[in-house]
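Each chain, letter by letter, is given below.
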Amino acid sequence: NAGVTQTPKFQVLKTGQSMTLQCAQDMNHEYMSWYRQDPGMGLRLIHYSVGAGITDQGEVPNGYNVSRSTTEDFPLRLLSAAPSQTSVYFCASSYSITTGGNEKLFFGSGTQLSVL
Amino acid sequence: AQKVTQAQTEISVVEKEDVTLDCVYETRDTTYYLFWYKQPPSGELVFLIRRNSFDEQNEISGRYSWNFQKSTSSFNFTITASQVVDSAVYFCALSEPFRDDKIIFGKGTRLHILP
């Protein structure tokens, strides 16, 4: 049971570089989301998706892009990395967000990103 | 907009003591869901409980219990007879499924259980 898989686990970038954080789930979950975790700030929602082809902004979307071309994958793109994007990033998925309720989230193991 | 407040940033208790983690939420909706998650030192996030706004029954699961009070917009989490393995960051979260599809977390409470 792979669950939610995030790659890479660690990444160091220079300011201005771009990169993509990968997230894949094998549970056929409709809902996927990205959070960032910073000390004292908890988990903040970046972007989310309720199904293939549908994405929306969360609380802190600036500087990040997402797309959802398949049910399984939900990559997060940093177009021009900034030191303020140094954080731990978590991808999460759940069975369905559209049944009138919200299921529990299954989280990946996180990506620790440092931007110098 | 929905909001979750966990006013206790950090708590330390001695093993075997009871401890309560507070969670206060704000919502304009009558239908909403509340969650608690645990993040142990290893870093993974683990689901503990989900409660919908129409179910005000308190829940007990072993040493864990949850007190949902709509009158005070609170969903507090109590650990009875705490153990060192309970040391973790605990997050409360809120969703408003008929408004949008966001699940918003509080800032978390770091719990230290001292041996």
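Remember, predicted model here, so these are calculated numbers, not experimental data.

Procedures and definitions
- Residues numbered from 1 in each chain as written.
- Chains lettered and ligands numbered in written order.
- Predicted model: local features only at pLDDT ≥ 70, side-chain atom pairs only at ≥ 80, totals over all residues.
- Heavy atoms only, no water.
- Helix = DSSP H or I, 4+ residues; strand = E, 2+ residues; numbered from the N terminus.
- Rg over C-alpha atoms; globule rule 2.2 N^0.38 Å.
- Buried < 20%, exposed > 50% of the residue type's maximum accessible area, 1.4 Å probe, protein only.
- Contact = heavy atoms within 4.5 Å.
- Areas by Shrake-Rupley, 256 points an atom, 1.4 Å probe, with all protein chains shown as cover.
- Lys, Arg positive; Asp, Glu negative; His and termini not counted.
- Charge placed at Lys NZ, Arg CZ, Asp CG, Glu CD.
- Buried area = accessible area lost by both parts, 1.4 Å probe.
- Salt bridge = Lys/Arg side-chain N within 4 Å of Asp/Glu carboxyl O.
- Polar contact = N/O pair within 3.5 Å; in protein donor to acceptor, adjacent residues only side chain to side chain.
- Nonpolar A, V, L, I, M, F, W, Y, C, P; charged D, E, K, R; others polar.
- Pairing = 2+ DSSP bridges.

Student: Please clarify how the overall build of chain A should be interpreted in this entry.
Tutor: Per the secondary structure count, chain A includes zero helices and eleven strands. The secondary structure elements of chain A, listed N-terminal to C-terminal, are β-β-β-β-β-β-β-β-β-β-β. Taken against the 2.2 N^0.38 rule, which gives 13 Å for 116 residues, the C-alpha radius of gyration of chain A at 13 Å falls within 12% of a compact globule. When its C-alpha atoms are laid out on the principal axes, chain A stretches across 40 × 25 × 25 Å. Going through the 116 residues of chain A one by one, you find that 47% of them count as buried. Here the analysis covers contacts within chain A between residues at least 6 apart in sequence; of these, 54% occur between residues at least 24 apart. Of the roughly 5200 Å² of accessible surface on chain A, 51% is carried by carbon and sulfur atoms. Chain A carries 7 positive and 8 negative side-chain charges, and their two centres are separated by 11 Å.

Student: I'm lost on the interface of chain B and chain A in this one. Help?
Tutor: Often the size quoted for an interface is simply the accessible area lost on bringing the parts together. Each side of the interface is counted separately: chain B has 20 residues, and chain A has 22 residues. At the boundary of chain B with chain A, total buried surface from both sides reaches about 1900 Å², with 60% on carbon and sulfur atoms. Looking only at chain B, the three residues that lose the most surface to chain A are Leu45, Asp101 and Ile103 of chain B, adding up to 31% of its buried area. For the pair chain B and chain A, the number of links is zero salt bridges. For the pair chain B and chain A, the number of links is four residue pairs in polar contact (both at pLDDT 80 or more). If you list the elements that add at least two residues to the side of chain B that touches chain A, you get β5 (33-39), β6 (46-52), β10 (88-95) and β11 (103-105) of chain B. The leading source of residues in the side of chain B that touches chain A is β5 of chain B, at four residues. Among the residues making up the side of chain B that touches chain A, the classes are represented as eleven nonpolar, four polar and five charged.

Student: What am I meant to see in the pairing of strand β4 (residues 31-38) of chain A here?
Tutor: Regular strands have side chains that alternate between both faces of the sheet. All names here are of chain A. For β4, a buried count of eight out of eight residues is recorded, marking the element as mostly surrounded by other parts of the structure. On β4, burial covers both faces: Tyr31, Ser33, Tyr35 and Gln37 on one face and Met32, Trp34, Arg36 and Asp38 on the other are all buried. Once β4 ends, the chain turns through three residues before running back antiparallel as strand β5 (residues 42-51), passing Gly40 with a positive phi of about 80°.

Student: Would you mind going over unusual backbone geometry with me for this structure?
Tutor: Residue and element names in this part refer to chain A. The amide bond that connects Thr7 to the next residue, Pro8, takes the cis arrangement and shows omega of -10°. In this fold, Pro8 is placed in the loop between β1 (4-7) and β2 (10-13). In this structure, Asn28 is a non-glycine residue whose phi angle is positive, near 60°. With respect to the element layout, Asn28 can be found in the loop between β3 (19-25) and β4. Take Asn28: its relative accessible area is 54%, and that puts it in the exposed class.

Student: Help me understand the pattern of salt bridges, please; the structure alone is not making it clear to me.
Tutor: Where charged atoms from two side chains of opposite charge come close, those side chains can pair. Across all of its chains, the model carries five salt bridges over all chains by this definition. Residue Arg36 of chain A pairs with Asp38 of chain A through a salt bridge whose shortest N-O separation is 2.8 Å. Judged by relative accessible area, which is 11%, Asp38 of chain A ranks as buried. Between Asp55 of chain B and Arg51 of chain B there is a salt bridge, with its nearest N and O atoms 3.6 Å apart. Given the relative accessible area of 4%, Arg51 of chain B is considered buried. In the salt-bridge network here, residues are joined through shared partners; they are Arg36, Asp38 and Arg44 of chain A.

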